[in-house]
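Survey of secondary and tertiary structure
The residues making up each chain are set out below.
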Amino acid sequence: MEKIYFDYAATTPADPQVLEAMKPFFHENFGNPSSIHSFGREARGAMDDARQKVSSFLGARPEEIIFTSSGTEADNFALFGVLWANAAKGNHVVTTAIEHHAVLEPARFLEKLGYKVTSVRPDKDGIVHPEDIAAAMTDQTVLVSVMHANNEIGTIQPIKEIASLVKEKGAYMHTDAVQTVGHIPVNVDDLHVDLLSLSAHKFYGPKGVGCLYVRKGTRIAPFLRGGGQERHRRASTENIPGIVGCGKALEICSRSMASEAAEQTRLRDKLMAGVQKKIDRVYLNGHAVQRLPNNVNFSVEYIEGESMLLNLDMLGVAASTGSACTSGDLEPSHVLLSIGRPHELCHGSIRLTLGRYTREEEIDRFLDVFPKIVAKLRAMSPLYDKKP
Ligand SMILES: Cc1ncc(COP(=O)(O)O)c(C=O)c1O
């Protein structure tokens with residue numbers, strides 16, 4: 001039985017071309033880019049080339065890209081770095097209730113340290129409204145952080161409109177673009193953002209590499225302190241194989257992204273329509289149109305998400321109940337609660353995320369096996385019987 005992977009939002013396999021590009025930098029070209037000898041210069045050259053690729057993908061300048069160890073580090077860096085460096089301006093951050101934990105937790109910690117944090121709720125489709133962000137801002141607001149697209153329900157936010165209001169009010173705008181970079185166009189000038197986080201393992205690059213884009217002129221304090229790497233903004237010897245892989249992965253995405261997104265949208269819509277046709281009482285989570293090309297998330301009434309996942313896994317189908325970081329957690333998803341889903345529906349949710357290697361036969365196989373799993377689980381549910 002061939003396994004099916006529908007969890008590309010959790011992570012993607014590295015593209016074979018990415019692996020090839022990375023390989024020499026583990027052994028033959030192992031130099032430290034801070035060394036002035038030829039080994040070091042070779043490593044620095046490779047890093048400069050990767051930085052160029054990342055910056056041109058984002059429409060940024062190379063010196064505005066800071067490589068990090070992950071999307072999580074980039075998010076932490078944005079929040080702490082901007083608040084620390086701008087203490088004279090204010091102590092208030094505005095963010096949303098549906099951010100990834102990589103933003104929620106630093107925001108909570110800032111609150112413990114005495115900073116003020118306001119969390120804005122989205123509407124029932126998961127859209128954050130620009131006027132709600134503007135209303136939450138005060139003259140003490142230093143930073144607004146709103147994710148570009150949600151990792152659970154796939155809703156894409158009107159970042160450009162939000163950022164325009166934020167800039168008018170004189171604060172910095174950060175977006176966590178971990179789920180969008182490599183999947184839909186992301187241009188820092190079009191989005192009007194000052195800071196943007198990305199993570200290579202979400203776009204067929206290696207794990208453990210991310211970037212923080214920081215617009216020229218943005219005041220930000222280092223998060224990791226030590227050596228003078230990354231123009232004194234992020235200490236630690238650079239992960240050269242990872243950085244090379246990140247650049248190569250984005251170079252590939254810049255060529256293939258448009259056609260992949262079109263194909264994934266087609267397969268996503270087929271999957272969504274098939275589920276809604278074959279199963280009663282299923283509810284789509286997230287916006288029907290303003291969503292990532294590869295994301296399907298729905299709640300099935302009277303069934304536990306975990307039971308669906310286990311049954312699918314037994315048939316070789318890998319799916320998720322939400323973000324990889326919270327599955328295995330019995331708490332209902334904070335994202336689904338924020339869009340107003342009742343607890344029962346939060347527990348009955350399933351996320352399927354498609355990717356570069358998804359084939360139509362896999363969608364067909366899912367549409368064949370999933371309704372049977374739902375019927376089997378509902379037959380065991382005392383609640384389902386009682387409903388008309
Ligand atoms: C929206 C979002 N932000 C941040 C992260 C964290 O990225 P990383 O796994 O590189 O730390 C993820 C990963 O799931 C994510 O989906």
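Model, not experiment: these values are computed from the prediction.

Attention shifts here to the overall build of the chain. The helix and strand tally for the chain stands at 14 helices and twelve strands. With the C-alpha coordinates of the chain rotated into their principal frame, the extents come out at 70 × 50 × 30 Å. Evaluated residue by residue, the chain yields a buried proportion of 58% over its 388 residues. Put simply, 75% of the contacts in the chain that link residues at least 6 apart link residues at least 24 apart. If you sum the accessible surface of the chain, you get close to 16,400 Å²; carbon and sulfur atoms cover 56% of it. Looking at charge distribution, the chain has the averaged site of its 44 positive side-chain charges lying 1 Å from that of its 47 negative ones.

We now examine the site of the ligand. Around the ligand sit 13 residues, and of these Gly 71, Thr 72, Asp 176, Ser 199 and Lys 202 come closest. Between the ligand and Thr 72, the relevant distance is 2.5 Å, taken from an oxygen atom to a side-chain nitrogen or oxygen of the residue. The separation between an oxygen atom of the ligand and a polar side-chain atom of Ser 199 is 2.6 Å. When isolated, the ligand has an accessible area of 390 Å², and the protein chains bury 88% of it. With three residues, the top contributor of residues to the shell around the ligand is helix H3 (residues 71-85). Along the lines of polarity and charge, the residues of the shell around the ligand split into two nonpolar, eight polar and three charged.

With 39 residues, helix H9 (residues 240-278) ought to run about 57 Å at 1.5 Å a step, yet its terminal C-alpha atoms sit only 49 Å apart, falling short of that. Along its length, H9 shows its largest kink, about 60°, at Ser 256. Where H9 begins, the capping side chain belongs to Asn 239, and its oxygen is found 2.9 Å from the backbone nitrogen of Gly 242.

Entries for the chain in the domain assignment read domain 1 (4-10 + 257-380) and domain 2 (16-252). Each of domain 1 and domain 2 has a C-alpha centre, and these two points are 28 Å apart. Of the residues lining the interface, 31 residues belong to domain 1; the matching set on domain 2 comes to 33 residues. Buried surface at the junction of domain 1 and domain 2, summed over both partners, amounts to about 2,600 Å²; 55% is from carbon and sulfur atoms. At the junction of domain 1 and domain 2, the tally comes to zero salt bridges.

Now for the environment of Ala 318. Along the chain, Ala 318 turns up in strand E11 (residues 317-318). In this structure, the C-alpha to C-alpha distance between Ala 318 and Arg 219, residues 99 residues apart in sequence, is 43 Å. For Ala 318, the contacting residues outside a window of four places in its chain are Ile 4, Tyr 5, Phe 6 and Asp 7.

The two faces of a sheet get side chains in turn, since along a regular strand they alternate between them. Across the five residues that make up strand E5 (residues 141-145), a large majority, five, are buried. Of the strand pairs in this sheet, strand E3 (residues 92-96) and E5 are connected by three bridges, and their pairing is parallel. Following the sheet pairing, Val 93 is matched in E5 by Leu 143. Taken together, the three bridges between E5 and strand E6 (residues 172-176) define a ladder with parallel strand orientation. By the bridge assignment for E6, Ser 145 is matched with His 174. Handedness of the crossover is the feature at issue here: the chain leaves E5, passes through helix H6 (residues 159-168), returns alongside E6, and the resulting connection is right-handed.

Turning to the pattern of salt bridges, a few remarks are in order. The final tally for this structure, using the stated rule, is 25 salt bridges. Taking the shortest distance from any N to any O, the salt bridge between Arg 359 and Glu 362 comes out at 3.3 Å. By relative accessible area, which is 8% here, Glu 362 ends up buried. A cluster of three or more residues bridged by salt bridges with shared partners is formed by Glu 263, Arg 266, Lys 270, Glu 360 and Asp 364.

Turning to the packing of aromatic side chains, a few remarks are in order. In total, this model carries eleven aromatic pairs according to the counting rule given. Ring geometry for Phe 80 versus Phe 223: centroids 5.7 Å apart, planes at 5°, classification stacked. Residue Phe 80 is located in helix H3, and its partner Phe 223 is located in the loop between strand E8 (210-214) and helix H8 (229-232); the two are separated by 143 residues in the primary sequence. For Phe 80, a relative accessible area of 6% puts it in the buried group. Ring pairing ties together the aromatic residues Tyr 5, Tyr 8, Tyr 204 and Tyr 357, which thus form one cluster. Positioned over the ring face of Tyr 204 is Arg 356, at 3.9 Å from the centre of the ring.

The rules behind the values
Position numbers for residues start from 1 in each chain and track the written sequence from start to end. Predicted model: local features are reported for residues with pLDDT of at least 70 only, side-chain atom pairs are reported and counted for 80 or more only, and whole-chain, interface and lining totals are derived from all residues. Only hydrogens and water are removed before side-chain values are computed, so all heavy atoms of the structure are retained for them. Per the convention used, a helix needs a DSSP run of H or I reaching at least four residues, while a strand needs a run of E reaching at least two, with both numbered from the N terminus. Burial here depends on accessible area, computed with a 1.4 Å probe over protein chains only, as a share of the maximum for the residue type. Under 20% is buried, over 50% is exposed, and the range in between is partly exposed. Whether two residues are in contact is decided by their heavy atoms: any pair within 4.5 Å suffices. Under the convention used here, a 1.4 Å probe and the Shrake-Rupley method define accessible areas, while residue burial counts only the protein chains that appear. His residues and chain termini do not enter the charge count, which takes Lys and Arg as positive and Asp and Glu as negative. The atoms used to mark charge sites are NZ of Lys, CZ of Arg, CG of Asp and CD of Glu. We call a residue near a molecule or strand whenever a single non-hydrogen atom of that residue lies within 4 Å of it. What qualifies as a polar contact is a pair of N or O atoms within 3.5 Å, subject to a donor-acceptor requirement within protein and to the restriction that residues adjacent in sequence count only when both atoms come from side chains. As a working rule, the residues Ala, Val, Leu, Ile, Met, Phe, Trp, Tyr, Cys and Pro are called nonpolar, Asp, Glu, Lys and Arg charged, and the rest polar, with Gly in that last group. What a helix is expected to span follows from its residue count: subtract one and scale by 1.5 Å. Bending is quantified residue by residue as the angle between axes fitted to the seven-residue window ending at that residue and the seven-residue window starting at it. In this entry, domain limits derive from an automatic or database-based domain assignment. Buried area: the accessible surface (1.4 Å probe) lost by two parts on joining, summed over both. The salt bridge definition used is simple: a Lys or Arg side-chain nitrogen within 4 Å of an Asp or Glu carboxyl oxygen. In this scheme, strands are said to pair when DSSP sees at least two bridges between them. Seen with its strands pointing away from the viewer, a crossover is right-handed if its path from the first strand over the helix to the second goes clockwise. Classification of ring pairs uses Phe, Tyr and Trp, with its six-membered ring standing for Trp, and accepts pairs whose centres are within 6.5 Å; under 30 degrees between planes counts as stacked, over 60 as edge-to-face, and the remaining range as tilted. Criterion for a charge above a ring: Arg CZ or Lys NZ at most 6 Å from the ring centre, at most 35 degrees from the ring normal.

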